[in-house]
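Fold and geometry: a report
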Amino acid sequence: MKYEEIVHRCFRCGYCKLTSDYTDFNCPAYRKFRFETYSPGGRMWLIRAWLNNEIKNSERFQDILFSCATCANCVEHCVFVFSEDLVNIFIAAREEMVNKGIIPPAVRDYLKNIRINGNPYKEPQDERGKWADGTSVETYKDQDYLFYVGCVGSYDERAKKIARVVGNLLLEAGISIGILGDKEKCDGNEVRALGEAGLFQFLAEENIAYFKELGVKRIITLDPHAFNAFKNDYPGLGGEFEVYHYTQILAPLIKSKKIPLAEYKAKITFHDPCYLGRHNGEYDAPRKILGAIPGVEMVEMEQNRENAFCCGGGGGNFFTDILGGGEDSPNRIRVQGALDTGAQIIAVACPQCAKMMEDAIKSEELDDRLEVLDVAEIVSRALS
Amino acid sequence: MTDITQALAEIVGEGYVSDQPEEAYFYARDPGLMPAHEPDYVVVPKTAEEIQKVVRLANRDKIPIVPMGAGMALTGLVIPLKGGIVIDMKRMTGILAINEKARLVIVEGGISQGLLKAYLEKNYPKLRHSIPDSPATATIAANVMIHGQGRLSQQYGFNSDMVAGLEVVLPSGEICKIGSCSISPDWFSKGAPMPDLSGLFLGWFGATGIITKVALKLYPKKKMRDVEIFITDMEEIVPDIVHELTYTEMVEDITVFAQPLPMIFRDNHHITIFFTGDTDTELEFKRKMVWDALDRFIKSKDGGFMGVPPVMKPTLLDSPQRSVTRFADVKKGGGFEYSGPIILVEKYPECSRKIRELAEKYDLGYSGMARIIGRGHCMMYGFAFTFNRADPDMMERTRKALHEVSEYALEAGGVFWKPTVNEQKMALDKMDPNTRNLMGMIKKNIDPNGIMNPGNWEVN
Ligand SMILES: Cc1cc2nc3c(=O)[nH]c(=O)nc-3n(C[C@H](O)[C@H](O)[C@H](O)COP(=O)(O)OP(=O)(O)OC[C@H]3O[C@@H](n4cnc5c(N)ncnc54)[C@H](O)[C@@H]3O)c2cc1C
Ligand code: SF4
Ligand code: SF4
């Protein structure tokens, strides 16, 4: 297994499951299951035991490995020099399991759907660009930016709305964008996180080849997950593009008043998406946007920025739901954190987070107290 | 699902009980060097009442029970030597009450040092507890259970001396209050002015009961904190230096370390002196007192203050000091263990020579780390060796070195701190027979079925 030479170095001290100021446990899987085995250190010790044939690839072991949301809290807070490889190690172990074909059914189904249908929803490829119907967003020809939407933004009803708002905003601000429509393919971020390295490479190479064929130089993504794959994984496969999350484009436009905003009175708390924040260090762009809206009062949740508590949707869990369910599911814990701030709106910058938070609000019966809106949706409400 | 698993699930909820190989593997071990032994079940309860029911069930069927905090004692104290049920306490993280004026807090039996620290910093910035340098996940209850020491031990003694009351689930399943809280709504004393029953539990490693609540004394937290390091290459003068420093009554914490790596530390003893103040004037006054106290060693050229480089300060002032944990990876192998006898400060030179001798004999990476307890009444001298978990030979050499430390410590008049089961046996063998009998009587009467952390403090 890749990284095999590191696995034994975990001291199981548990710094990785806390925030930097130790306020609370911050590994979403540990927070839900509460056995040490579900903590980062637990995974390290069990992976080692598995490699040494001391435990088997059981259903529970699979559960333990695939419930990791790849949120990188452990990467941020482990005190040892190998910290940056923790998520890579968990993914490498998943890779081994995928290679042996012994994985949870939900993971198998997800990967199968991507392989067969090109998306996890089993929807036809020619539906992929339909979200843009009725907008002025055009197919990519030679525009300045490719606007890449991803599977969730393309097929999920809630996420499609967000995609439309972002697309419209970018156009209104005079940004030249084009989309791939029914030619768009899965970016593969979750495929990689779920350990299907071969399929990821296939998707990435196809995307890279197609982007190059079209002459794409710059990409704006709707989804931090795609942003992460394009920015961090595609270059290793020959795909060097200028990659932006849409908040990084909007922030300067709002600052320079290219998008003029009127007053919008609301108390808002921002939930950092792990793939924008911890994985890519972008904490400011969404906050700058929200902070620039007249009338908006920003309040921070206790766990924010590099200490943000994951919604539980990362690492494929949005689709496989191994980590979800029950009172201690991460998204429910997170909306309670938002409620504590007194905010009326949880702002998100990721369609997966949006869905996770909305589900949690329903489960917690907070519909009349909290609303989930994408940063772009808030901006659009404040347009003058 | 076995009957017992089912019964445990009815108590703690199905999600919080496991009889699966994965948990059995993990909870069979701690990060130290003691041999593994698997539990049959692991439970993660939320309330004292759940623990009570688990204990009653265990008593009925004579199943061993081992309470566990973060498992950071390193000496195998949470390894279920006879199988049974491991109770992972870490869902019980409540901060139940705080009395700001009396400087007291009541917490649940699974809360970590880190959580309490963060809570106090946010809500009561003028209060602090005596935090040890163990990883921030280590629990308050376990730390007092093993008579830990922390940042305030130089001033106020062992962390267990700072306990102001306990709630304990007895082996019979009764919940028992210890200290003032047994007659008063207020938790301010663990014993005095009555018989101090806390001694029936503290230091017993869970072999006489499970702590579900701890009242802890808190102390003033000054706005500023600083550190100075006095270095000397003469180990024989370290006790005198400590004596002078403790006399000033100006110092928060005193630790001494000596280690061969990194090179800047080689051949010297580093007396690390922490002090606090609310104003620059207070801080500078204390600094001056400390400097004056050690002036004679400077004049005789036996030592001097090392200018602490600004980059090093945050590492030293970090609380808990994460750098201590990082010692585990010196050999790139995720392991360290230390034997930390409690011993007179005057034994520092001997201890220091011993660790060097053993490190050389067994070819090991080491750090000698001492923490002063009370105003120089004694110290914890940590004979710490780092090892590579993937190198069985190095692990075996470390075991041998630690065994020699145990023998040496006992001979030198030390008392084992958080002893392994082997050290417990050595201690019981050496103990005054009447004391040993008393311990046996206590254990037998409190836990007649011998279900509580069996193997520990067993008087045969
Ligand atoms: C890097 C490092 C640095 C350290 N530095 C220090 C230090 O500066 N000062 C210090 O004191 N220690 C230190 N330690 C030792 C140890 O980690 C701490 O004492 C720590 O507080 C132990 O807490 P724990 O929760 O990990 O205990 P555990 O190992 O989980 O438990 C210790 C014992 O207490 C029992 N126990 C646990 N919870 C309960 C309960 N609720 N009721 C009854 N019994 C219970 C267990 O059965 C076991 O016998 C250090 C350790 C490491 C690894
Ligand atoms: S992953 Fe790092 S922080 Fe977490 S238990 Fe292991 S060594 Fe400690
Ligand atoms: S990546 Fe997140 S979920 Fe996974 S082990 Fe680390 S902290 Fe836990």
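Bear in mind that the values here come from a model prediction, so they are computed numbers and not experimental data. (Residues numbered from 1 in each chain as written. Chains lettered and ligands numbered in written order. Predicted model: local features only at pLDDT ≥ 70, side-chain atom pairs only at ≥ 80, totals over all residues. Heavy atoms only, no water.)

What follows is about the overall build of chain A. If you tally the helices and strands in chain A, you get 17 helices and nine strands. Along the first, second and third principal axes, the C-alpha atoms of chain A reach 65 × 50 × 35 Å. Relative to all contacts within chain A whose residues are 6 or more apart in sequence, the contacts with residues 24 or more apart total 78%. Entry remark: accessible area of chain A is about 13700 Å², with carbon and sulfur atoms responsible for 44%. Computed over 46 positive and 57 negative side-chain charges, the inter-centroid distance for chain A is 1 Å. (Helix = DSSP H or I, 4+ residues; strand = E, 2+ residues; numbered from the N terminus. Contact = heavy atoms within 4.5 Å. Areas by Shrake-Rupley, 256 points an atom, 1.4 Å probe, with all protein chains shown as cover. Lys, Arg positive; Asp, Glu negative; His and termini not counted. Charge placed at Lys NZ, Arg CZ, Asp CG, Glu CD.)

Once that is clear, we can look at the overall build of chain B. Across its full length, chain B carries 15 helices and 19 strands. For chain B, the C-alpha radius of gyration of 22 Å lies close to 23 Å, the compact-globule estimate for 460 residues. Here chain B holds 460 residues, and 63% of them are scored as buried. Here the contacts in chain B between residues at least 6 apart in sequence split such that 70% fall between residues at least 24 apart. In the structure as shown, chain B presents an accessible area of about 18100 Å², 54% of it carried by carbon and sulfur atoms. Counting 53 positive and 59 negative side-chain charges, chain B places the centres of these two groups 3 Å from one another. (Rg over C-alpha atoms; globule rule 2.2 N^0.38 Å. Buried < 20%, exposed > 50% of the residue type's maximum accessible area, 1.4 Å probe, protein only.)

Quick look at the interface of chain A and chain B now. Listed as interface residues are 42 residues of chain A and, on the opposing side, 46 residues of chain B. With both sides pooled, the region where chain A packs onto chain B buries about 3700 Å², and carbon together with sulfur makes up 63% of that total. The interface formed by chain A and chain B holds six salt bridges in total. When the shortest N-O distance is used, the salt bridge between Glu36 of chain A and Lys90 of chain B registers 2.8 Å. Viewed at the interface, chain B and chain A are joined by 19 residue pairs in polar contact (both at pLDDT 80 or more). Secondary-structure elements contributing two or more residues to the side of chain A that touches chain B are α1 (28-33), α2 (40-51) and α3 (59-66) of chain A. Element by element, the count of residues in the side of chain A that touches chain B is highest for α2 of chain A, at six residues. Its residues placed into classes, the side of chain A that touches chain B shows 21 nonpolar, seven polar and 14 charged. (Buried area = accessible area lost by both parts, 1.4 Å probe. Salt bridge = Lys/Arg side-chain N within 4 Å of Asp/Glu carboxyl O. Polar contact = N/O pair within 3.5 Å; in protein donor to acceptor, adjacent residues only side chain to side chain. Nonpolar A, V, L, I, M, F, W, Y, C, P; charged D, E, K, R; others polar.)

This paragraph deals with the site of ligand 3. Residues and elements named next belong to chain A. Lining the immediate environment of ligand 3, one finds 13 residues, of which Cys27, Arg43, Cys68, Cys71 and Cys74 sit closest. Listing elements by their share of the shell around ligand 3, those giving two or more residues are α2, α4 (73-77) and α5 (86-100). The class makeup of the residues in the shell around ligand 3 is ten nonpolar, two polar and one charged. (Near = heavy atom within 4 Å.)

Taken together, 39 residues lie near ligand 1, and Pro67, Gly69, Met72, Thr139 and Gln149 of chain B sit nearest. Looking at what sits near ligand 1, you find residues from chains A and B. Between ligand 1 and the protein, one listed contact pairs an oxygen atom with a side-chain N or O atom of Arg371 of chain B at 2.9 Å. Every element with two or more residues in the shell around ligand 1 is listed here: β3 (65-68), α5 (140-145), β10 (210-217), α11 (322-326) and β16 (334-339) of chain B.

A full pass over the atoms with the stated rule returns 58 salt bridges over all chains. Close ionic contact of Glu54 of chain A with Arg29 of chain B constitutes a salt bridge, the shortest N to O distance being 3.9 Å. Of this pair, Glu54 of chain A sits in the loop between α2 and α3 while Arg29 of chain B sits in the loop between α2 (21-27) and β2 (41-43), on two different chains. Among the residues examined, Arg29 of chain B registers a relative accessible area of 19% and is labelled buried. Between Glu371 of chain A and Arg381 of chain A there is a salt bridge whose closest N-O contact spans 2.7 Å. Of this pair, Glu371 of chain A sits in strand β9 (residues 371-374) while Arg381 of chain A sits in helix α17 (residues 375-382), and the two are ten residues apart along the sequence. Relative accessible area serves as the criterion here: at 32%, Glu371 of chain A is assigned to the partly exposed category. Judged by relative accessible area, which is 41%, Arg381 of chain A ranks as partly exposed.

All names here are of chain A. Along the chain, Asn119 turns up in the loop between α6 (105-117) and β1 (138-139). A polar side-chain atom of Asn119 sits 2.7 Å from the main-chain carbonyl oxygen of Glu123. At 3.3 Å, the side chain of Asn119 and the side chain of Tyr155 are in polar contact. With near-sequence residues (within four places) excluded, Asn119 lies in contact with Asn113, Ile114, Arg128, Cys151 and Tyr155.

Residue and element names in this part refer to chain B. The four strands lie next to each other as β1-β2-β4-β3, forming an open sheet whose pairing is mixed. Two strands in the sheet have a free side with no partner beyond their single neighbour: β1 (17-18) and β3. By the bridge criterion, three bridges tie β2 to strand β4 (residues 85-88) in an arrangement that is parallel. For Val43, the partnering residue across the bridge sits in β4 and is Ile87. Sheet strands touched by helix α1 (residues 3-12): β1, β2 and β4. Its angle to β2, the strand with the most contacts, is close to 5°. (Pairing = 2+ DSSP bridges. Axes fitted to C-alpha atoms, helices over the stretch in contact; angles between N-to-C directions.)

Attention now moves to the domain arrangement of chain A. Residues and elements named next belong to chain A. Domain boundaries assigned for chain A yield domain 1 (4-103), domain 2 (108-250) and domain 3 (260-381). Every contact between the two is made by 24 residues of domain 1 and, on the other side, 23 residues of domain 3. Summed over both partners, the interface of domain 1 with domain 3 comes to about 1800 Å²; 54% of that surface belongs to carbon and sulfur atoms. When residues of domain 1 are sorted by the area they lose upon contact with domain 3, Asn26, Arg31 and Lys32 head the list and together hold 28% of the total. Taken together, the links from domain 1 to domain 3 amount to zero salt bridges. The interface formed by domain 1 and domain 3 includes 14 residue pairs in polar contact (both at pLDDT 80 or more). Looking at the side of domain 1 that touches domain 3, the element that brings in the most residues is α1, giving five residues. Of the residues belonging to the side of domain 1 that touches domain 3, the class tally is ten nonpolar, eight polar and six charged. (Domains from an automatic or database assignment.)

Residue and element names in this part refer to chain B. In terms of burial, strand β19 (residues 378-388) is a largely internal element, eleven of the eleven residues being buried. Of the two faces of β19, the one lined by Cys378, Met380, Gly382, Ala384, Thr386 and Asn388 and the one lined by Met379, Tyr381, Phe383, Phe385 and Phe387 are each fully buried. Note that β16 and β19 share six bridges and pair antiparallel. Within the sheet, the bridge partner assigned to Phe336 lies in β19 and is Thr386. Across two bridges, the pairing between strand β17 (residues 342-343) and β19 is antiparallel. Bridge pairing in β19 links Ile342 to Met380.

To continue, consider the environment of Asp363 of chain B. Residues and elements named next belong to chain B. Its location among the elements puts Asp363 in the loop between α12 (348-362) and β18 (365-373). We classify Asp363 as exposed; its relative accessible area is 57%. Residue contacts for Asp363: discarding those within four places in its chain leaves Leu358 and Arg397.

Right, let's get into the pairing of strand β8 (residues 163-169) of chain B. Residue and element names in this part refer to chain B. Counted residue by residue, β8 has seven buried out of seven residues, so it is predominantly covered. Sheet topology places β8 next to β10; six bridges connect them, and they run antiparallel. Residue pairing across strands places Val163 opposite Leu216, the latter belonging to β10. Judged from the four bridges that link them, β8 and strand β9 (residues 175-178) form a sheet pairing that is antiparallel. If you follow Val168 over to β9, its bridge partner there is Cys176.

Attention shifts here to the domain arrangement of chain B. Residues and elements named next belong to chain B. Domains assigned within chain B are domain 1 (3-88), domain 2 (95-220) and domain 3 (224-411). For domain 1 versus domain 3, the separation of C-alpha centres amounts to 36 Å. Between domain 1 and domain 3, the residue contacts involve five residues of the former and nine residues of the latter. Interface of domain 1 and domain 3: buried area, both sides summed, is about 610 Å²; carbon and sulfur atoms make up 57% of it. Looking at the side of domain 1 facing domain 3, the largest losses of area belong to Pro31, Leu33 and Leu74, adding up to 82% of the total buried there. The interface formed by domain 1 and domain 3 includes zero salt bridges. Joining domain 1 to domain 3, the criterion identifies three residue pairs in polar contact (both at pLDDT 80 or more).

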